[in-house]
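Take a look at the letters that make up each chain.
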Amino acid sequence: MGMYHSTYFAYGLHIPTDAHPWEETDRIDTELAAVKNRCPDVGHLTAGGYDRDMLFLVTECDEISLGKYGRATTATAEQRADWDRQLANAVEHLGYGHIRDLEAPGWLSVPDVS
């Protein structure tokens, strides 16, 4: 069995969860489909250490393979404000608004080993 390394550049926020992130993804897909008009650019990412994936809600997301490099998309202030609004709508709709130390959205670099 081999290991696969990559990194994701994404605009979004980390959603701390006690459950394994994969347990949330089907629910997130279903729930986001119901509010597609309010957060059309929002999706999810699960990535991290081999068996310690983390959950993220993201808008822009690009995978950068090991040995490669990339750039985060240049987004205008207006685009980031729109993404922030969409992410806030998604957080509330998905029931994550109660999470105490939820960080503000921003550019993320997430290493992944699978």
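Anything mentioned here points back to the structure above.
One structure accompanies this document, and this report is about it.

The rules behind each value
- Here the residue index of a chain counts from 1 through its sequence in written order.
- Only residues with pLDDT of at least 70 are given local features in this predicted model, and only at 80 or more are side-chain atom pairs given and counted; all residues enter the totals for whole chains, interfaces and linings.
- For side-chain calculations, the full set of non-hydrogen atoms in the structure is used, while hydrogens and water are omitted.
- Centres within 6.5 Å make a pair out of two Phe, Tyr or Trp rings, where for Trp the six-membered ring is used; the pair is then stacked when the planes are under 30 degrees apart, edge-to-face when over 60, and tilted otherwise.
- What counts as a helix is a DSSP run of H or I of at least four residues, what counts as a strand is a run of E of at least two, and both are numbered from the N terminus.
- Each residue is assigned to one of three classes by its accessible area relative to the maximum for its type, calculated with a 1.4 Å probe on protein chains only: buried under 20%, partly exposed between the two thresholds, exposed over 50%.
- It only takes one pair of heavy atoms within 4.5 Å for two residues to be counted as in contact.
- Values of bend correspond, residue by residue, to the angle between axes fitted over the seven residues ending at that residue and the seven starting there.
- Residues belong to a common nonpolar core when they are buried Ala, Val, Leu, Ile, Met, Phe, Trp, Tyr or Cys residues joined through side-chain atoms within 4.5 Å.
- Any two strands with at least two DSSP-identified bridges between them are counted as paired.
- What counts as an axis is a line fitted to C-alpha atoms, over the stretch in contact for a helix, and the angles between N-to-C directions run from 0 to 180 degrees.

A word on the packing of aromatic side chains
All chains considered together, the criterion is met by 3 aromatic pairs. Summarising the aromatic geometry, the rings of Y11 and W107 are spaced 5.2 Å apart at their centres and angled 75° between planes, so their arrangement reads as edge-to-face. Here Y11 is found in strand β1 (residues 5-15), whereas its partner W107 is found in strand β4 (residues 106-113), with 96 residues between them in sequence. In this structure Y11 comes out as buried when scored by relative accessible area, which is 4%. Relative to W107, the ring of W83 has its centre 6.1 Å away and its plane inclined at 85°; by these criteria the two rings are edge-to-face. Of this pair, W83 sits in helix α2 (residues 77-94) while W107 is found in strand β4, placing the two residues 24 residues apart along the sequence. You can call W107 partly exposed: its relative accessible area is 35%. In this structure an aromatic cluster arises from ring pairing among Y11, W83 and W107.

Structural notes on the side chain of T46
You can see T46 is positioned in strand β2 (residues 43-49). According to the relative accessible area criterion, T46 is buried, its value standing at 12%. Dropping the residues within four chain positions of it, T46 is found in contact with P21, W22, T25, D53, M54 and L55.

Considerations on helix α1 (residues 22-34)
The sharpest bend along α1 comes to roughly 25°, located at I28. For α1, every residue scored as buried is listed here: E24, T25, I28 and L32. Lining the buried residues of α1 we find β2, β3 (52-65) and α2.

Description of the nonpolar core
Within the largest apolar cluster, 18 residues are counted, with the highest numbers of intra-cluster contacts made by I15, L32, L57 and Y96. Listed by contribution, the elements that provide at least two residues to this core are β1, α1, β3 and α2. With 5 residues, α2 is the single largest residue contributor to this core. Excluding anything up to four places from it in sequence, I15 contacts L55, F56, L57, V91, Y96, I99 and L102. L45, A47, F56 and V110 belong to the second largest nonpolar core, which has 7 residues in total.

Some thoughts on the sheet that holds β3
Hydrogen bonds between backbone groups are what pair the strands of a sheet, and the pairing can be parallel or antiparallel. Pairing is antiparallel in the open sheet, where 4 strands are placed in the order β2-β3-β1-β4. Each of the sheet's edge strands pairs with one partner strand only, and the pair in question is β2 and β4. Direction aside, the axes of adjacent strands within the sheet are offset by 60° on average. Here α1 sits on the sheet in contact with β2 and β3, set at roughly 165° to β2.

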